[in-house]
Amino acid sequence: MIALPYLQTARARIRLAEESDAPKLLRYRLENREHLASWEPLRESAYYTLEHCLKTIVDSRDNALQDRGYSLMAFDPTEQTMLATCTFANIVRGAFQACHLGYGIAARMQGQGLMREVLEAGIAWAFGELHLHRIMANYLPRNERSARLLASLGFEREGYAKRYLQIAGTWEDHILTALICPEG
């Protein structure tokens, strides 16, 4: 069985959320609703309720226990405030040993290097503890911040997918990148 992550960086504690974190997740969603809207699917009003946050946490813990995905949340060092998310989703085992990476950061934390810090810790954990071989991350062509961040982490461009995901109600093209585990 894979040990559930509890990662520490200079500015964050990164772990799976617990049910008691639902109010923190709700606050993060409400405070960053506009900031994240251009990069995410359309959200129904129920998404911004405590009940939905609790369901999200329960579902994410179930996914982790089944080794299907790990939705990590980055908190401040006292774990009072949620700062960012880092999700290793759609894990495929067997000959592939790969997943998709998704992430987001609170508007007030942008441009401070925190997302890079969180992703470095998460990626090291995914390659180490999860024994993944490939982490794929895809971004909108207009998202220059993600392009720079992923490149700085060593992700390489592998392709371009037309109308790949529905973002903010529109089918959007995405640039496909991947990072291969340096040890294998």
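Here's what I pulled together on the structure shown here.

Cut-offs used in this document
Residues numbered from 1 in each chain as written. Predicted model: local features only at pLDDT ≥ 70, side-chain atom pairs only at ≥ 80, totals over all residues. Heavy atoms only, no water. Pairing = 2+ DSSP bridges. Helix = DSSP H or I, 4+ residues; strand = E, 2+ residues; numbered from the N terminus. Axes fitted to C-alpha atoms, helices over the stretch in contact; angles between N-to-C directions. Contact = heavy atoms within 4.5 Å. Core = buried A, V, L, I, M, F, W, Y, C linked by side-chain atoms within 4.5 Å. Buried < 20%, exposed > 50% of the residue type's maximum accessible area, 1.4 Å probe, protein only.

**Topic: the sheet that holds strand E3 (residues 70-75)**
Link 1 in the chain: Taken together, the eight strands give an open sheet; going across it, the order is E1-E2-E3-E4-E5-E6-E8-E7, and neighbouring strands pair in mixed fashion. Two strands close off the open sheet at either side, each with one partner strand: strand E1 (6-8) and strand E7 (156-167). Strand-to-strand twist of the sheet, defined as the mean angle between neighbouring strand axes without regard to direction, takes the value 25 degrees.
Link 2 in the chain: Relative to strand E5 (residues 98-105), strand E4 (residues 82-92) is paired through seven bridges, and the arrangement is antiparallel. Following the sheet pairing, alanine 89 is matched in E5 by histidine 100.
Link 3 in the chain: Sheet contacts for helix H1 (residues 22-31): E3, E4 and E5; angle to E4, the most-contacted strand, approximately 100 degrees.

**Overview of the pairing of strand E2 (residues 13-16)**
Here is the key point about a regular strand: its side chains alternate between the two faces of the sheet.
Link 1 in the chain: Bridging between E1 and E2 involves three bridges; their strand directions are antiparallel. Bridge pairing in E2 places tyrosine 6 opposite arginine 15.
Link 2 in the chain: In sequence, E1 turns back onto E2 through a hairpin of four residues.
Link 3 in the chain: Here E2 runs beside E3; their pairing, made up of four bridges, is antiparallel. Residue pairing for E3: leucine 16 is matched across the bridge by leucine 72.

**A short note on unusual backbone geometry**
Link 1 in the chain: Located in the positive-phi region is aspartate 67, a residue other than glycine, with phi close to 60 degrees.
Link 2 in the chain: Considering the arrangement of structural elements, one finds aspartate 67 in the loop between helix H3 (50-65) and E3.
Link 3 in the chain: Of note in this structure, arginine 163 is not a glycine but carries a positive phi near 45 degrees.
Link 4 in the chain: Along the chain, arginine 163 turns up in strand E7.

**Some details on the nonpolar core**
Link 1 in the chain: Membership of the largest hydrophobic core comes to 50 residues, with the highest contact counts inside it found for Leu72, Phe88, Ile123, Ile135 and Phe155.
Link 2 in the chain: Element by element, the count of residues in this core is highest for helix H4 (residues 114-128), at nine residues.
Link 3 in the chain: Those residues in contact with phenylalanine 88, other than ones at most four positions away along the chain, are Gly69, Tyr70, Leu72, Cys99, His100, Leu101, Gly122, Ile123, Trp125, Ala126 and Ile135.

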